[in-house]
Amino acid sequence: MEFVDEIIETGGPILGSEHMETLRVCMQCGKCTGGCPSGRLTAIRTRKMILSALLNMRDEVLSSDELWLCTTCYTCYERCPRNVKVTDITRTIRNIAGREGYLAKSHRMAASYVIKTGHGVPINDAVKESRKKLGLSEIPPTTHAYKDALKGIQTLAKKTKFDELIDFDWETMNLKE
Amino acid sequence: MEEEATPQEVVTEEVVPEQETAEAAPEKTTPQEVTRETAAPVGTVEQGAVAVIGGGVAGIISALDLVDSGFKVYLIDRGASIGGKMSQLAECVTGIMPMMVELETNPDVELLTLSEVTSISGSQGNFELEVARNPRYVDELRCTGCAQCIEACPESIPDRFNFGLTNRKVIDFSHSQPVPNVPAIERDHCPPDCRKCVEVCTADAIKLEDKETKAKITVGSIILSPGYEPFDPSIWARYKLGNPSVVTSLEFERMLSSAAGSGKLLKPDGSEAKKIAFIQCIGSRDPHVGNELCSTVCCMYTAKEAKRAAELNPDLDISIFYMDVRTFGRDEHVVKQIGKKYGVKYIRSRVPEIIEKGDELQLRYEDPENDEMVDEEFDLVVLAIGLLPPDSIQRMAEIAGVELDSFGYFKTELENPMDTSVPGIYVCGTAKAPMPIMDSTSWASGAAARAGSIIAQQRLVKPTSPIEAEGAGGRPKIGVFLCRCGDSISGVIDIDSLATHIERLPDVAYVDASATTCKDAAEAIRSAVKEHGLNRVVLAGCTPRIYELHFRKLCEEIGINPYLFEMANIREQCAWVHADNPDAAFEKAEELIRMSVARAGYLDALTVKRVPVVDSVLVLGGGITGMTAALEVAEQGYKTCIVEREEGLGGVLNDIGVLQDGRRASELLSEFRGKIDESELITVFTRSELVDLAGSAGNFTGTVKIPDSTEELKFGAVIVATGAEEFKPTGIYGYGERPNVVTQLEFEKLLDQGISPGTVAMIQCVGAMDDEREYCGRICCGTAVKNALRLKGSSPETEVYVLGRDVRTYGIWESMYRDARGKGVIFLRHDANKKPSFDGEILSTQDMMLNREVQIKPDYIVLSTPMVPRSDSETVAEILNISTDDYGFFVEEALRPKVKMRPLDSASAGVFLAGSALYRPRMIDECVAQGSGAAARALTLISKPFVEVEAATSVVDEELCAGCGTCVSVCPFGAVELRELVEDVNTFGLVSDAKREVAEVSERCKGCGLCASYCPSDAMSVNHFKDRQIFAQIEVVM
């Protein structure tokens, strides 16, 4: 199967195939790259990534570092003059890359926090302070408040083999080295 | 109309002798009844009328073509003046001004400004329109346009015409030199109880209590020409339109207009611009604003705006951010020129936002060519805004009951691109689709032909009296009229002081310095000639290119021979070019006028010859364009004859499988052929060629070579629709040797066979945009997209690659380009200097967007080659006396003010151009529009009983002529021949019946003067440019 079709078929069941088909209509205008907030600081070139996918350059795309530099802010997604669902397409490509063992270490780290705390980004003092200011409870009604729920999440991680995907070590409760 | 009962119209008309017309017609049936009606005298038929809704450039051209072929027109516009957006464009306004004035003074035109159509009832042939006329608060009939009210008005408001860059008064003209030349009041802004304007108006024209009124008009057909809506980018905060250094392209036009005076490109804050960025596609190719189409014109106008800015200040640093450069024809040169001459940079990137950094504007973009991210500061950003359907279109569609297409424009069919869904209602201009001025005007002429066909039986051509060389008698009494041209001249030159200088010149009997517009000048001339018994007129104002004909006509009306009128150009040649030096401008103006006055004294009254018109048309070429033209002429009751070189009609369409709308081309063709077979007024000669053309506009004789013999045909006009043919790129990519390397037309045949190959690669610009053929083929990108889509439709598994440069799918083609991508067609982009290579198996291309080589293993390579002129186009041009460009395409009369406004007129009177033979190939709907348009242009000629021949042409002094034939060989128009002269000569005794040869000038003479300057014995001279007239001019300034 062509890489383009693989991306569309992978994302289709969750995001809808029409949503994913927008990948094809990209006209390479570069508006995504020019306005990318991550691109201000990093090497991500969204336009080129999309074109590489269209040209079925599967290995290059899946193994690239820049695939993981998108912060999923959806700026390009909102602005694209062809309505290409750029961010969702990027996330789908990451799913495929993950399956193939290309998951970036930073993303595996974030994922390990999900298993450890139930959150990709656990709460910290600054967030607690903000919540208080906004009149919210200091601790949100998540695994932070309901420690038992964390067990459920960890069970899910095992059942879906999420732990294997990110190479999680239950003994050290950390990523395998 | 009030002006109808002038004595001129009582004069017995000089009609074509009936016999002659009948003989002149080429063939069979005689539409004599129809012909007689068209030349009917006043009052015998009720004149057919058309309502033209929208008075921009398209509406104006439609209206002119209609009145010029004997119909009445109601021109309805929402604004206080006609002229539309074109009058706001710095470079274009001089093109439309004379047309506006021509309409204003034409008694067959009724202008309904500040008006909106509120209902349409009835059907074709008999529509009734209700028009709501909004109050102007100034009586159009009483107002003299003196502008005292404007002086007196205490209240200023931002001027919308200048996008608030300047202010206007509450009572004011909508812009300089409006038509009608009457101010309007923005009543909501009047200060309470202020009646200053009422107090100063001496004509009692101010009507503060004016109310909306209703008018009812009855017409046979309707043309919708509401124009477009410029995209408003203020809906996007990230383009910072609130910042004074960010302007739209229309605002930039106004800045350029203002800069014409100061010579400096000033930003709204008053500082001079140094570094400019243009951002393309703002509001185009973007579904977020409801416009997924390409606006077609922005690439072109941006290049022109950049050029004008660079001309003002060659040190300007200019960058243009684009996606695909879509300029065609002459505009391609502009793109190249600004790059070479002024270093304007084209950067392929769609800029997402403007960041304010102090006084500077920062653009962050990806530069794919250098593969880097760039932050760059500019001090002025111009947003190239796109064209949207006008706001009024929905309501107009409801009122007229016509359908809109899925993009919001008036819906038409491919082969009827002017016809809306309601018979008798037609569309032209940008309300049909985004299109440039040249196409709008072609379409407008086409719509005029369609609208005229409904009321063809009600044509009414009013007789005029012949112009004879009388009235120049006696000592010259010259009237000199100085026009201020709004403030365009008087802003630089002190007109009153100039007048006192002119008064002292010999033979000057009267000087007037009151006129601010052409209309004022006309009024002044009209009254002063009578009052002061003037016999010659000098007008000092703009270029004679624009208004000379108009004022000649005026002179004719008031009893002065039109050749006793003279113009001094103190606008373009003084006020505009020497704006920075008023003293020098003044001095030069004074000298130019002195020269004109000197010349005026020596001018001769000339007789204008009238040639009876043969009321039929010869159409050269029987492709879609020619067939359309012939049908259109026939629909209005005139005969046409199609001369086609091939076996049958149809042209290139015979080789096309499927059209862009999915229908088979053959279906469309048989429909057209059927209509032609049915028409009794159309004769077709196939396998035939025009080999000679004699005569002149209105009365041509053509020799046509038909199989086995020749035929002499007589006709009044020629429509050239000889088309173009696909370039066969022998040797390129193995074309001609490798059977799987084909052209697009050949590929259409393969598609007809239902092939389903594994991989197909199309290569664009093969034989185009290179050293040999610099031009863009214009239709090849669309063709590739169409064929790629067709292939994907019948064989979805086939991999299709399109290897090109810019993808030039303008207008509606943009949506097909998107669809092609959506179906999986891959577009790759290569540099013009790094063309793809093919080794017989692998096709390699260096993709610019990825900066790496891409290899394809194609089963077929399809070469997109440009259409090229037919091999005999130069011969045809020579026979017809028309011009060609470097490649052999025919070109229109490229002189101002005709350029763009009259794209279908050749430089040879009576010869009209249409379709792909005319200056770059065209799509089918464009060919049809031009075919109809050329028919409308021809109809303006053949619907009249005679044509007047320009009298400023060469004359022979037979006494002096030695018959050397130099003139014959230098004449570029074939207008001079030698004839035998038999005379009695006294040389050492009388010789009777001595024979010698002398030159004779025919009506084809254009008055260029070549013969006069080459003639070794001074026997040739040009009327109106006699030696003594020119020497008189020189003497007064030496």
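Below or above, wherever it landed, is the structure these notes cover. (Residues numbered from 1 in each chain as written. Chains lettered and ligands numbered in written order. Predicted model: local features only at pLDDT ≥ 70, side-chain atom pairs only at ≥ 80, totals over all residues.)

## Description of the overall build of chain B
The condition that has to hold: What counts as a helix is a DSSP run of H or I of at least four residues, what counts as a strand is a run of E of at least two, and both are numbered from the N terminus. All radius of gyration figures rest on C-alpha atoms, and the globule criterion is 2.2 Å times the number of residues raised to 0.38. Every C-beta atom is placed from the backbone, and the number of other C-beta atoms within 10 Å of a residue's own sets its class: buried at 20 or more, exposed at 12 or fewer, partly exposed in between. Residues are treated as contacting if the C-beta atoms built from their backbones sit within 7 Å of each other.
In terms of helices and strands, chain B carries 26 helices and 50 strands. Against the compact-globule benchmark of 31 Å for 1038 residues, chain B has a radius of gyration of 30 Å, which places it among compact chains. A principal-axis box enclosing the C-alpha atoms of chain B has dimensions of 90 × 85 × 60 Å. Out of the 1038 residues belonging to chain B, those deemed buried represent 51%. In chain B, 73% of the contacts between residues at least 6 apart in sequence involve partners at least 24 apart.

## Quick look at unusual backbone geometry
Residue and element names in this part refer to chain B. A cis amide bond links Val179 to the next residue, Pro180, at an omega of 0°. Relative to the helices and strands, Pro180 resides in the loop between β8 (171–172) and β9 (184–185). The residue Cys765 is not glycine, and still its phi comes out positive at about 55°. Relative to the assigned elements, Cys765 resides in the loop between β37 (759–763) and α20 (780–794). Note on Cys765: 24 C-beta atoms within 10 Å, which makes it buried.

## Section: the interface of chain A and chain B
Interface size, as often reported, equals the accessible area lost upon joining of the parts. Operational definition: Three residue categories are used. Nonpolar comprises Ala, Val, Leu, Ile, Met, Phe, Trp, Tyr, Cys and Pro, charged comprises Asp, Glu, Lys and Arg, and polar comprises the others, including Gly.
The interface of chain A with chain B comprises 23 residues on the first partner and 23 residues on the second. It is helix α4 (residues 46–54) of chain A that provides the largest number of residues to the side of chain A that touches chain B, a total of five residues. Along the lines of polarity and charge, the residues of the side of chain A that touches chain B split into seven nonpolar, eight polar and eight charged.

## Regarding α4(A)
Residues and elements named next belong to chain A. Where burial is concerned, most of α4 is hidden: eight out of the nine residues are buried. Listed as buried for α4 are Thr46, Arg47, Lys48, Met49, Ile50, Leu51, Ala53 and Leu54. Looking one or two residues past α4, Asn56 carries a phi angle of roughly 60°, positive in sign.

## Topic: the sheet that holds strand β13 (residues 246–248) of chain B
Residues and elements named next belong to chain B. Note the cut-off: Strand pairing is assigned whenever DSSP identifies at least 2 bridges connecting the two strands. The convention used is that axes are lines fitted to C-alpha atoms, helices contributing only their stretch in contact, and that angles between N-to-C directions extend from 0 to 180 degrees.
Taken together, five strands build an open sheet; the order of strands is β13-β20-β14-β15-β16 and the sheet is parallel. Every interior strand has two partners, whereas the edge strands, β13 and β16 (345–348), have only one. On average, each strand axis in the sheet is tilted by 25° relative to the strand beside it, whichever way the strands run. With respect to the sheet, helix α8 (residues 298–312) is in contact with β14 (275–282), β15 (317–322) and β20 (380–385), its orientation differing from that of β14 by roughly 170°.

## A few points about the environment of B:Pro135
In this fold, B:Pro135 is placed in the loop between β5 (126–133) and α5 (148–152). As a C-alpha pair, B:Pro135 and B:Met435 span 300 residues in sequence and 33 Å in three-dimensional space.

## What to know about α8(B)
All names here are of chain B. Put simply, the rule is: In this analysis, the expected span of each helix is defined as 1.5 Å times one less than the number of residues it contains.
The end-to-end C-alpha distance of α8, which contains 15 residues, comes to 21 Å, matching closely the 21 Å that a straight helix rising 1.5 Å per residue would cover. Most of α8 is tucked away: 12 of the 15 residues are buried. All of the buried residues along α8 are Cys298, Cys299, Met300, Tyr301, Thr302, Ala303, Lys304, Glu305, Ala306, Arg308, Ala309 and Ala310.

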